Every structure is written in structure tokens, then in C-alpha cells.
Amino acid sequence: MGQAKRRREAGERISHCRTCTYCCSLPEIQALDKPAYHACRHIENGGCAIFGRPERPSACTAYVCAYLAARLADAPERNRIPHPLDCGAYFHRDPVEKVIFLFVDPRRPLLWKASALVGFLQMQLGAGFALFVTDRGRQLVVRDNQTFDLLLANDLAAMADRDRRPLDIPSFATA
């Protein structure tokens, strides 16, 4: 029996998020006037201080990353999606379009490329999904495995910095 299952059976509240706050730090959250790459002012003790409270905006209450969604639904893919803290990135699927939004931790930008996340994303690209990558203030759309292989082989954000290309997300410069 796993540790989480033992804790759950003992009556403890189990959070699959652990101390991950990527969804509270990396994307822009307009409802909170929070720019991308800036931690939400409500992060406290490794989690959301307004979780479950009425002042928590609907954008936050409705959001679930793919890792958490797979676990909550006990989906067959749940063991193929690594925890965001273990791979240095998190993602979610658009509920309408066949698009996956991947956010890369700027402190560990290459970690995801060496994780099980790569194989999962390759399968999704093969199934017709597009991948929208946000990495260190840069954004890139990937529509096929050939372009994905190019992304894996190169640090495109670092290359853009060397070429002095402007950031796609200016708030990254002030983070």
C-alpha cells in the first residue's frame, strides 16, 4: 500500500498537488491582476490561502492541471503523466480545442525534456493535438513530432535570448 493510501485511510486530507504552485505562479491570472511569472499573493505555506473560500476567483476554482485531473478521474493515463514538481513543467488540455498548454519552470527549464512527459506529449501530438509551450517568457506552437524533436534538441528560449529577440511575455523580465 502506498503512503498516500495509508494517509487517506487514516483520515488525513491528501493533496495530489503536494507543494506545487506552478498554476499559481507561471501563468497570468487576470482575475487577480497577477502577471505571468509572478507568484500569486495568496500562496501561503505551499498552497492557496483562499482555497475553498468565496473570494477565490472562478478562474482558479475551475482550473485543474492534467496531472491532477488524471488522478481525480482515476484516468488510465494517470501513471504516464509525471508530477509537475518531478518534471519541471505542468500542462492542461483546452476543454474545447485539441490544444495542450505546457508551462515550463524557468528555474529548471530543461528538466521536462528528460522526463516521462516527453513520451506522453509525443503521443498527444500523434493524436492530433497542438502543443503551446510557454518557456522563460517565450511561446511556441508545436503541431508535429518533427518540430517537437527540434524543441527537445535545442534550448529555443536561450537561442532567442542570444539573438536578442523580444520576449513574448514581457512580465518574465521583471520576475
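Below: a short report on this structure. Residue indices follow the written sequence of each chain, beginning from 1 at its first position. Confidence filtering applies because this is a predicted model: local features only for residues at pLDDT of at least 70, side-chain atom pairs given and counted only at 80 or more, and all residues used for totals across whole chains, interfaces and linings. The side-chain figures draw on all heavy atoms in the structure; neither hydrogens nor water molecules are used.

**As for the environment of Gln30**
Working step 1: Numbering goes from the N terminus for both helices and strands, where a helix is a DSSP run of H or I of at least four residues and a strand is a run of E of at least two. Relative to the elements of secondary structure, Gln30 occurs in the loop between helix H2 (22-25) and strand S1 (43-44).
Working step 2: Residues Gln30 and Val133, spaced 103 residues apart in sequence, show a C-alpha to C-alpha distance of 19 Å.

**Section: the pattern of salt bridges**
Working step 1: We count a salt bridge whenever a side-chain nitrogen from Lys or Arg sits within 4 Å of a carboxyl oxygen from Asp or Glu. Considering all chains together, one arrives at 10 salt bridges under this definition.
Working step 2: Here Arg18 makes a salt bridge to Asp86, at a shortest N to O gap of 3.0 Å. With Arg18 in the loop between helix H1 (3-9) and H2 and Asp86 in helix H5 (residues 84-87), this pair connects stretches of sequence that are 68 residues apart.
Working step 3: Each residue gets one of three labels from its accessible area relative to the maximum for its type: buried under 20%, exposed over 50%, partly exposed in between, using a 1.4 Å probe on protein chains only. Assessed through its relative accessible area of 45%, Arg18 is described here as partly exposed.
Working step 4: Classification of Asp86 as partly exposed rests on a relative accessible area of 48%.
Working step 5: Put simply, Arg107 and Asp105 hold a salt bridge, and the shortest N to O gap is 3.2 Å.
Working step 6: Overall, Arg107 belongs to the exposed group, its relative accessible area being 69%.
Working step 7: Taken together, the shared-partner salt bridges connect Asp105, Arg107 and Arg108 into one network.

**What about the sheet that holds strand S5 (residues 130-135)?**
Working step 1: Two strands make a pair as long as DSSP finds a minimum of two bridges between them. With respect to topology, four strands assemble into an open sheet ordered S3-S4-S5-S6, the strand pairing being mixed. Two strands in the sheet have a free side with no partner beyond their single neighbour: strand S3 (89-93) and strand S6 (138-142). For this sheet the average axis-to-axis angle between neighbouring strands, irrespective of direction, equals 15°.
Working step 2: The pairing of strand S4 (residues 99-104) with S5 spans five bridges and is parallel. Note on S5: the bridge partner recorded for Ile100 is Leu131. Axes here refer to lines fitted to C-alpha atoms; in helices the fit is confined to the stretch in contact. Angles between the N-to-C directions go from 0 to 180 degrees.

**Topic: the pairing of S6**
Working step 1: As judged from the five bridges shared by S5 and S6, these two strands associate in the antiparallel manner. In the strand pairing of S6, Asp135 is matched with Arg138.
Working step 2: The hairpin turn running from S5 into S6, its antiparallel successor, is two residues long, and Arg136 in that turn takes a positive phi close to 50°.

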